[in-house]
Amino acid sequence: MPDTEIYLIPGLGFDCRIFRHLDWSAHPVVHLNWIEPEEAESLTHYARRMAAGLEGRKSRKIIVGHSFGGILAREIATLHTVEKVILISSIKSCREQSPALRAAKWLRLHRLFSKTIVRRTFPLWAKKHGYESPE
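Residues numbered from 1 in each chain as written. Predicted model: local features only at pLDDT ≥ 70, side-chain atom pairs only at ≥ 80, totals over all residues. Heavy atoms only, no water.

## Considerations on helix α1 (residues 43-50)
Item 1. Every buried residue of α1 is listed here: Tyr-46, Ala-47 and Met-50. With its buried residues spanning 100° around the axis, α1 presents them on a single face.
Item 2. Residues of α1 that are buried sit in contact with β1 (4-9) and α2 (68-79). (Buried < 20%, exposed > 50% of the residue type's maximum accessible area, 1.4 Å probe, protein only. Helix = DSSP H or I, 4+ residues; strand = E, 2+ residues; numbered from the N terminus. Arc of directions from axis to C-beta. Contact = heavy atoms within 4.5 Å.)

## A closer look at the packing of aromatic side chains
Item 1. Evaluation of the coordinates by the stated rule reveals three aromatic pairs.
Item 2. Seen from their ring centres, Trp-34 and Phe-68 are 5.8 Å apart, and the 20° between their planes marks the pair as stacked. Taken together, the positions of Trp-34 in the loop between β2 (29-31) and α1 and Phe-68 in helix α2 put the pair 34 residues apart, joining distant regions of the chain.
Item 3. Using a relative accessible area of 31% as the deciding quantity, one classes Phe-68 as partly exposed.
Item 4. Taken together, the ring pairs in this structure connect Trp-34, Tyr-46 and Phe-68 into an aromatic cluster. (Phe/Tyr/Trp six-rings, centres within 6.5 Å; stacked < 30°, edge-to-face > 60°.)

## Things to note about the pairing of strand β4 (residues 84-88)
Item 1. Of the strand pairs in this sheet, strand β3 (residues 60-66) and β4 are connected by five bridges, and their pairing is parallel. Among the inter-strand pairings, Ile-62 is bridged to a residue of β4, identified as Lys-84. (Pairing = 2+ DSSP bridges.)

## As for α2
Given 3.6 residues to a turn, an α-helix orients residues that are three or four positions apart in the same direction.
Item 1. Helix length check: α2 (12 residues) gives 17 Å between terminal C-alpha atoms against 16 Å at 1.5 Å per residue, within 8%.
Item 2. Buried within α2 are the following residues: Gly-69, Gly-70, Ile-71, Leu-72, Ala-73, Glu-75 and Ile-76.
Item 3. Buried residues along α2 sit against β1, α1, β3 and β4. (Expected span 1.5 Å × (residues − 1).)

Next comes the structure, spelled out in structure tokens:
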């Protein structure tokens, strides 16, 4: 599949360095890094803005999403024709959400998180989730 492009979406608070140990040499890679959300923006609208670069490309597309990037990858796949979506440490549907994640959504705790908070608290939870590199 030489005409296939791979789109990488890191998890929230991360960047594409999270994918650096994976070998992508067989295909061109496009990094989709997070953009600033608009006030009260829906996930669908955000995904549409994030994937604006996919418009008009003739190649087959594979989207790889890590964590919340996987949820965004699924949403982008509903808006564009893609060959496949690969999820890493993510969920396929809302039914797979843990009770803690459902409670956090109900309590609107996601509004408390920012890239700065994730970076500052990273040493506290990183090893528990398998992140061992200082990067």
